[in-house]
Amino acid sequence: MKWSVALSRKNNIALSLFIGLILASLGLAGCGGKLGKIETSTVDTAIVNAEAAIAAAQDADAPSLASDLFESAKTNLEAAKTALTEERGDDALRLAYQATVDARLAQMNSVNVTMNSELNASILQKEAEAKDLRHTLHHKETELAGVQSLIQDIQKDEKQLKQAVHDLQNENRELGNTRAAYGKQVAQLSETLAEIQARAQQAETEIRNYGREVASLRRKLEVADRRVKEEGYQKRAVVAEIDSLRKQLREQAQIYTEKLGEASQVSSDTEHAEYLKQKAAEARAYVASQPALHPTKTGRTSLSEVQIAAGKTALGNWARAWHAKNLSAHLAYYEPSLIADKVVIRESKEQRSKIDLQQLESELQQMSTGAWSKAKTDTEVEGENVIGIHRLTQLATPADENTAALYNIWIREIWMHQVGNDWRIHHEIWQIYENVPNF
């Protein structure tokens, strides 16, 4: 914008110098004496200069961008030629110079209008890019916050698992100590049993010689047998307690295995999400490599502000008719000779086709049965066209514990121009992405 203002100031300075030179020339011509002394060659040169200035203004599109000044230049040129024919030298010279001034002004105004239009289009494009970047930044920040929360949960689970492993190791050491103590007790009982059995055998050997002691020895043997039975019971209790501890250890190991499985599942989900992002990027790269679908846009327009406002109103009515599922009103904006481009992107592969108005109506009837949500709407101006870009989304595959949600994305680009007092669609481009993340 600053550059445009500077250019305009330079043009005004140049124009002022040019007008000053013309006035000086008129003064010199007047100082030459009477009107009849003006040279015909001087007038001829002025007329040739005026014609050159008018031609340059016409090349700069002055008939449409500065029509008043351009018509004034042409009128003054014709008047100068007439005055020359009638031998009115001073009038011819003055009118020729005036035609040159008007043509130069028309040329400068046309150049300024064209440059301002290009600068405005560039500014609008940069604002749209900045808006997209802000949206992408917000989306990435949201994803980052989700990932950070997930990492905190995983770290918390990891800490709990480490504590569980530590506890199990302590219990395992305690079980080892208890098992060693019980082993010593069993060894001592076995030695005692061996001693009793030896004493019993000795008593049986001596019973032949010691009758009185037989009964006493038998009683001692019964006592010994009872002790053996009691010690056997204690041994079985120790074995049962060891089995119980082993069961608890197996249960703790199962819980630890399940925790590891959950952590592995979280990692699998993250890898799947990255896989989907990679596939979406591959799909966009493939589409970008295909031949251009859209006509070249220059950012220039011959429409007035009133016409642009009327075109945007027609686009809004067309869109509202679609969302209201009023296909008759929606189709009323199309020209009968319309040929639309339809592009379907499925599994990173693109399929293009041309469809006429009848086929378009059939396709729209099928598409209207789905639940489409409006995601984004943009409007552009190009030449004699007002362009609407509408992006719609439809849930294709809901998310579950293993996969992310997938969508169908439908982008409609509508080219509308004025026909009489109405606005009609003469071209439309469809881009349909099937089963992709909501990029």
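Scroll up to find the structure.
Reading the values: rules and limits
Sequence order sets the numbering: in each chain, residues are counted from 1 along the sequence as written. Local features in a predicted model are, by the rule used here, given only for residues with pLDDT of at least 70; side-chain atom pairs are given and counted only at 80 or more, and totals for whole chains, interfaces and linings are based on all residues. With hydrogens and water set aside, each side-chain value is computed from the structure's full complement of heavy atoms. Where helices and strands are cited, they refer to DSSP runs of H or I of at least four residues and of E of at least two residues respectively, numbered from the N terminus. Burial classification: accessible surface area is computed with a 1.4 Å probe over protein chains only, and a residue below 20% of its type maximum counts as buried, one above 50% as exposed, and the rest as partly exposed. Only heavy atoms matter for contacts: two residues are in contact if any of them lie within 4.5 Å across the pair. Each accessible area value is a Shrake-Rupley result obtained with a 1.4 Å probe; residue values ignore everything except the protein chains displayed when judging cover. The set of buried Ala, Val, Leu, Ile, Met, Phe, Trp, Tyr and Cys residues whose side-chain atoms join them within 4.5 Å is what this entry labels a nonpolar core. Two strands make a pair as long as DSSP finds a minimum of two bridges between them. Note on method: axes are straight lines fitted to C-alpha atoms, helices fitted across the in-contact stretch only, with angles between N-to-C directions ranging 0 to 180 degrees. Ring pairs shown here join Phe, Tyr and Trp side chains whose ring centres sit within 6.5 Å, with only the six-membered ring taken for Trp; geometry is labelled stacked below 30 degrees between planes, edge-to-face above 60, and tilted in between. Note on criteria: charge over ring means Lys NZ or Arg CZ within 6 Å of the ring centre, with the direction from the centre no more than 35 degrees off the ring normal. Multiplying 1.5 Å by the helix residue count minus one yields the expected span of that helix. The arc refers to the directions leading from the helix axis to the C-beta atoms.

1. Remarks on the overall build of the chain
- Per the secondary structure count, the chain includes 9 helices and 6 strands.
- Burial statistics for the chain: of 439 residues in total, 27% are counted as buried.
- Summarising the internal contacts of the chain: among those between residues at least 6 apart in sequence, 68% fall at separations of at least 24.
- For the chain, the accessible area works out to roughly 28600 Å², and carbon and sulfur atoms hold 53% of it.

2. Re the nonpolar core
- Ranked by internal contacts, the top residues of the largest apolar core, which has 27 residues, are Trp322, Leu364, Trp410 and Ile425.
- Per-element accounting of this core gives the leading share, 6 residues, to helix H7 (residues 305-323).

3. Some details on the sheet that holds strand S2 (residues 349-356)
- A sheet is described by the order of its strands in space; here 6 strands give the open sequence S2-S1-S6-S5-S4-S3, paired in mixed fashion. Edge strands, defined here as strands with exactly one partner in the open sheet, are S2 and strand S3 (373-382). Averaged over all pairs of adjacent strands, the angle between strand axes in this sheet comes to 15 degrees, irrespective of strand direction.
- Pairing of strand S4 (residues 385-397) with strand S5 (residues 406-419), which is carried by 12 bridges, proceeds in the antiparallel orientation. Along S5, the bridge assignment pairs leucine 392 with tryptophan 410.
- Taken strand by strand, H7 contacts S3, S4, S5 and strand S6 (422-436), and its axis lies near 25 degrees from that of S4.

4. Some thoughts on the packing of aromatic side chains
- With the rule as written, the count across this model stands at 3 aromatic pairs.
- On the basis of an interplanar angle of 85 degrees and a centroid distance of 5.4 Å, the ring pair of tryptophan 322 and tryptophan 410 is categorised as edge-to-face. One end of the pair, tryptophan 322, is in helix H7; the other, tryptophan 410, is in strand S5, and 88 residues separate them in sequence. The same class applies to tryptophan 322 as to tryptophan 410, namely buried.
- Between the aromatic rings of tryptophan 410 and tryptophan 430, the centroid separation amounts to 5.0 Å while the plane-to-plane angle is 75 degrees, which identifies the pairing as edge-to-face. Of this pair, tryptophan 410 sits in strand S5 while tryptophan 430 sits in strand S6, and the two are 20 residues apart along the sequence. For the pair formed by tryptophan 410 and tryptophan 430, the shared burial category is buried.
- Three or more aromatic residues joined by ring pairs make a cluster, and in this case those are Trp322, Trp372, Trp410 and Trp430.
- In this arrangement the basic side chain of arginine 412 is found over the ring face of tryptophan 322, its NZ or CZ atom lying 5.3 Å from the centre.

5. Section: unusual backbone geometry
- Its identity as a non-glycine residue notwithstanding, lysine 325 has a phi of 60 degrees, on the positive side.
- Mapped onto the elements of the fold, lysine 325 is located in the loop between H7 and helix H8 (327-331).
- Judged by relative accessible area, which is 52%, lysine 325 ranks as exposed.

6. Things to note about helix H2 (residues 40-59)
- Between the first and last C-alpha of H2 there are 29 Å, a value that for 20 residues agrees with the 28 Å anticipated at 1.5 Å per step.
- For H2, every residue scored as buried is listed here: Val43, Ala46, Ile47, Ala50, Ala53, Ile54 and Ala57. Along the long axis of H2, the arc covered by the buried residues comes to 125 degrees, so they all point the same way.
- One or two steps after H2, the chain reaches aspartate 61, where phi turns positive at roughly 65 degrees.

None of this, on its own, says anything about what the molecule does.
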